[in-house]
Amino acid sequence: MMTYTGNIHRGLRLALFTSAGVAALAISTPSLAQDTGESIADEQTEAAPAQNNPIIVTGSRIRRANRDTLEPSIVVGSDQIEERGLTNIGEVLEDQPAFGPPSSNPVGGQSGSFGSGQTFINFFGLGSQRTLTLVNSRRYVSSNTASIFGPVAAGSQVDLNTIPTLMVDRIETIAVGGAPIYGADAIAGTVNIILKDRFEGVRFDAQVGIAEEGDAQEYRIGAMAGTSFADGRGNVVAAIEYNKTEGLLYPDRERTAQGLFYVAPNDPNSPFDNIIIDDRRIPILSEFGAPTRIDLIPGFGFDFFDADGNTLVFDANGNLIPLDFGERFGVVNSSGGNGFSLTPVLNLLSPVERYLGAISATYDVTDNITAFLEGQYANSKGTELRSQPVYNTWLFDDAGTPDGNLIIPLSNPFLSDSARATIASQLPAGQDFFYLGRANTDLISGEGSSEVEVYRIAGGLRGDFFLGSRNLNWEVSGLYGRSQTTGSSRELVQQNFENALAGCPAGAADSPIQTISGTCAPFNPFGNQNTQAVADYVTTIADPTATNEQYDFIATIGGDLFNIWSGPIGFSIGYEHRKESADFDPGVFFFGQPDPNDPDAPRSQFGRSIPIDPVSGSYNTDEVFGELQVPIVSPAMNVPFMYLLEAKGAIRYVDNSLTGGDVTWTAGGRWKPVEDIAFRGNFTRSIRAPAITELFNPNSAIFTTADDPCDARFINSGPNPAQRQANCAADGLPANFTSNIVDFTTRGSLSGNTDLQNEKADSWTIGAVFTPTFAPGLTLSLDYVDIALEGAIQSVDAEGTLEACYDSNNFPDPACARIDRDAAGQVEFIRTGFLNVASYDYQGLIADLRWTQSTPFLGADSSISLRGSYQYIDKLEQQVGSGDLSTLRGDIGFSKHQGTLGVTYDNGNWGAFTQFQYIGKAVVDPDAEPTAFEFFERDDVVFMDAGISFQTEDDFTLRLIVENVFDREAPYPSPAGGGVVTYFDGILGRYFKVAATFGF
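Residues numbered from 1 in each chain as written. Predicted model: local features only at pLDDT ≥ 70, side-chain atom pairs only at ≥ 80, totals over all residues. Heavy atoms only, no water.

1. Things to note about the overall build of the chain
So, point 1. For the chain, the count of helices and strands is 12 helices and 47 strands.
So, point 2. Since a compact globule built from 1000 residues should have a radius of gyration of about 30 Å, the 30 Å found for the chain is in line with a globular shape.
So, point 3. Projected onto its principal axes, the C-alpha positions of the chain cover 105 × 65 × 60 Å.
So, point 4. Counting the 1000 residues in the chain, one finds 59% classified as buried.
So, point 5. Partitioning the contacts of the chain with sequence separation of at least 6, the portion at a separation of at least 24 is 73%.
So, point 6. With an accessible surface of roughly 36,000 Å², the chain has 55% of that area assigned to carbon and sulfur atoms.
So, point 7. Within the chain, the 124 negative side-chain charges are centred at a point lying 4 Å from the centre of the 62 positive side-chain charges. (Helix = DSSP H or I, 4+ residues; strand = E, 2+ residues; numbered from the N terminus. Rg over C-alpha atoms; globule rule 2.2 N^0.38 Å. Buried < 20%, exposed > 50% of the residue type's maximum accessible area, 1.4 Å probe, protein only. Contact = heavy atoms within 4.5 Å. Areas by Shrake-Rupley, 256 points an atom, 1.4 Å probe, with all protein chains shown as cover. Lys, Arg positive; Asp, Glu negative; His and termini not counted. Charge placed at Lys NZ, Arg CZ, Asp CG, Glu CD.)

Below is the structure:
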């Protein structure tokens, strides 16, 4: 997290916000009814026109006789989830090419006590805050932390950890087109999780998993029960689940343990600006203490030396030993040696423990009125196992300051006689102290956890009535959701640290904040010899809390408006009132200590973290919406080359209490020249309202890193390297400049903006769906998607601010005024904040294939199902202001070509499946020249999963599943340069699952 004043992190550096994920997928498989128990196995069959059995599909509130959509759609049924042994809805969606690297999941670095192990998906690469997630077509409360230090970008994202997969009937997703139907946030698309509302009997489920290396265990047990009552007028179904997964660190896998890292080469004739090293070390830091004669770092001639001239540092036992610098690359990095390694303090997989429950009930009050009720409860705890320690080093401040070198007297009782003699012999005359740099891994491990607790209840009435000869339908519903995230992490308290370092002098005052132990224990700064009593005295438990609440009331009425020559015009109109509130309390430690004499003065920090401000705010919306579906030509009309033609339009007016009124709308149509093929398309205007964090975040201090465009490692990158080079030179920075902000955190600020406006996106799709009558069960779709988002709210972070300045065609750009450099050109302070300044442009071709075919020649009751999904990213760009253009197409995680192919064989009492996931070639930086990085390209890779299942007559099913069957590795040298999430299957290795289900 970015709360510490010192943090050395390059290739895997921490950032305020996470932005990842891009893809698109069209599945012409029509969405299933939301209020029936239809099997997903029937999804390929065109429903016969039957006005007495209409259904509702995601992306529309109009009941219709078929399941076709105008937008590219995804449907994943519960059978596919069970077949793969997936225990998290995020895993289900990440499995599709439509979803690239998630904005957050348990893989890789986490946000400690601010949100670890949470799962937020990202559709089309537009940011997780621009995908709307619904449950049963209604909004679900967000679990995102309303703080700039949260796990993902500010928004109303839903943590998919909190929804039990046992209760899922299917997941329906549409690309664009959902905003007029459901409101703000659906810029990229809408994910609608449909839960089971009809079930008879009892079902028990258990699953275990383990990696081939004997770790990363996962466990799940669950039960679902349902019954009808009141002579079938009512039904209730409930499910509970317990899930637990164990975590991993970087040293637990061969690839991540190698310490691969990009550095600038020593050879001036190197063909690359950055080369790969292994066993990355930072010799200027020491886990056990690096002494120097003056306030500096090792390696500049002011060290302590042995008889052979080797620099001396302390080992774990407090003895002075030679420092092996390894092969040095610049000041910071080395390959090999015994300098400090970040690898042991990097999180690879967070352990997550979840308790989940859901209930759904319906009751037919009359023949025409049904009452419904649903509720969900979740408790999900994720833990970041390790993160970087707090440092004492000249790199971060002057000696004697909290982050600077420690000043150690020669009389320190923990200093061995031999070490004291060596140090004393080399000190300047009259100096009885020395300086010590230290990475304090023995005081805090960096472990931090966050526990999310969600309550949600929704209910209402729906029914039908006649108005004249028209059969109309209506629904009134309301919901309340509450999510609270409680963090916990051990943090260093500076005053007690200083007391312990001084040997617990009599009369020394403890910090005003309570630590784990109030009994002072002297701190030994040499080696790793401190007891738990020392750590307990100098640390406290920080407990930030984030609370989100949601109220939503919706009333709709719809049906057939009137008949025209081709049939009835369908309509739906409605009103929605929604209130969202968020509150973030940093807790006593992170809030800091107010000045008792001036409550308006800046607060002081208790530890190494800057004071963090609370965030609180709310808004409400009043929305009216309407939708029309017009059949222009129907099959019964027998028009040549016009088997079917229909048009659809929807509009919604949103009155936001903070940002005012805005309109979102969509228009499209579907044409079938013949029964076997349909062409479809739509145009949509979507909006996203500013999130509470973006609006109300105070002017908060931050510490951040960034790839300075003027650094020699990046001067040849960017959308126009020549322009970048010219601007940097105009600012007086040499071509061989090394910027400290790349490797070390620098002070800055970030503030909210109450003047933010709604984001707006203009999107269109066009495609075709092939459902040949000569091959029943076959569906093939192909769609092109174009999304242009303007005025996107962007936390213009340090890197974005630097790029906006130095990539500008009109230098100096106004962004340059936000950057303070010292006389040597180093960034001293940088001002960041939220602005409507970004634009996104996505264009992609997406295809989907589904085919289920009976195979009596392979077994009397057997069938084979084929499912394939493919995406080609034609364009994916982000621009901040007028100067910075970032290309994501072809980046790691956003390969131009991605695809999934699955085959399932079912023979009644047994079956098997295999799935191939293809990730195409990618590059480290699409905006850079190939010479910017050694190993610039990542090879394409295919991961294969497979499984087999057996079912007995008494409804017992056993499943055996193997993931990454051939133990394919991640493309070399990932995760250096990125890819820990994208290629995680190749890092984790072969994985085994066993699942059993019993029902009656």
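2. Some remarks on the sheet that holds strand 17 (residues 333–335)
So, point 1. As summarised here, the arrangement of the 3 strands in space is 12-17-16, forming an open sheet in which the pairing is antiparallel. Lying at the two open borders of the sheet, with one neighbouring strand each, are strand 12 (280–281) and strand 16 (327–329). (Pairing = 2+ DSSP bridges.)

3. A word on the packing of helix 10 (residues 721–730) against helix 11 (residues 798–806)
So, point 1. Relative orientation of the contacting elements helix 10 and helix 11 amounts to 90°, with a least axis distance of 9 Å. Put simply, helix 10 runs roughly perpendicular to helix 11. Note on element contacts: helix 11 touches helix 10 through Glu-803, Cys-805 and Tyr-806, opposite Gln-723, Arg-724, Asn-727 and Cys-728.
So, point 2. Taken together, the residues of the contact of helix 10 with helix 11 break down into 3 nonpolar, 2 polar and 2 charged. (Axes fitted to C-alpha atoms, helices over the stretch in contact; angles between N-to-C directions. Parallel < 35°, antiparallel > 145°, perpendicular 65-115°, else oblique. Nonpolar A, V, L, I, M, F, W, Y, C, P; charged D, E, K, R; others polar.)

4. A look at unusual backbone geometry
So, point 1. Following Tyr-972, the chain continues into Pro-973 via a peptide bond in cis, with omega recorded as 0°.
So, point 2. Within the secondary structure, Pro-973 sits in the loop between strand 46 (956–963) and helix 12 (984–988).
So, point 3. Across the junction of Ser-974 and Pro-975, the peptide omega takes the value 15°, indicating a cis bond.
So, point 4. Within the fold, Pro-975 resides in the loop between strand 46 and helix 12.
So, point 5. The phi angle at Ala-230 is positive, at roughly 55°, despite the residue not being glycine.
So, point 6. Of note, Ala-230 is situated in the loop between strand 7 (218–229) and strand 8 (234–245).
So, point 7. Ala-230 gets classed as partly exposed once you look at its relative accessible area, which sits at 32%.

5. A short note on the confidence of the model for the chain
So, point 1. Here the chain averages 91 in pLDDT, while 94% of its residues score no lower than 70.
So, point 2. Predicted confidence for residues 1–52 stays below pLDDT 50, and this span has 224 contacts to residues more than four positions away or in other chains. (pLDDT = per-residue confidence, 0-100.)

6. Section: the sheet that holds strand 5 (residues 189–195)
So, point 1. Judged by pairing direction, the sheet is mixed, and its 5 strands sit side by side in the order 1-4-5-2-3 without closing on themselves. Edge strands, defined here as strands with exactly one partner in the open sheet, are strand 1 (73–77) and strand 3 (138–139).
So, point 2. Two strands pair when backbone bridges link them, and strand 1 and strand 4 (residues 168–175) are joined in this way by 5 bridges, in the antiparallel orientation. Its bridge partner lying in strand 4, Ile-74 is registered against Thr-173.

7. Considering the pattern of salt bridges
So, point 1. Across all of its chains, the model carries 51 salt bridges by this definition.
So, point 2. In this structure, Arg-420 engages Asp-417 in a salt bridge whose closest nitrogen and oxygen atoms are separated by 3.2 Å. Taken together, the residues Arg-420 and Asp-417, both in helix 5 (residues 417–426) and 3 residues apart, mark about one turn of the helix.
So, point 3. Judged by its relative accessible area of 62%, Asp-417 falls in the exposed class.
So, point 4. For Glu-694, the salt bridge is made with Arg-688, and the minimal N-O distance between the two is 2.9 Å.
So, point 5. Using a relative accessible area of 1% as the deciding quantity, one classes Arg-688 as buried.
So, point 6. Salt bridges sharing partners connect three or more residues here, namely Glu-82, Arg-203, Asp-205, Arg-220, Glu-241 and Arg-959. (Salt bridge = Lys/Arg side-chain N within 4 Å of Asp/Glu carboxyl O.)

8. Concerning a nonpolar patch on the surface
So, point 1. A surface patch of nonpolar side chains, about 650 Å² in accessible area, is lined by Val-476, Phe-553, Tyr-575, Val-624, Ile-651, Tyr-653, Val-663 and Trp-665.
So, point 2. The set of elements that each furnish at least two residues to the nonpolar patch consists of strand 30 (644–656) and strand 31 (660–674).
So, point 3. What makes Val-476 partly exposed here is its relative accessible area of 34%. (Patch = residues over 30% accessible without salt bridge, like charges linked within 9 Å, V, L, I, M, F, W, Y side chains within 5 Å.)

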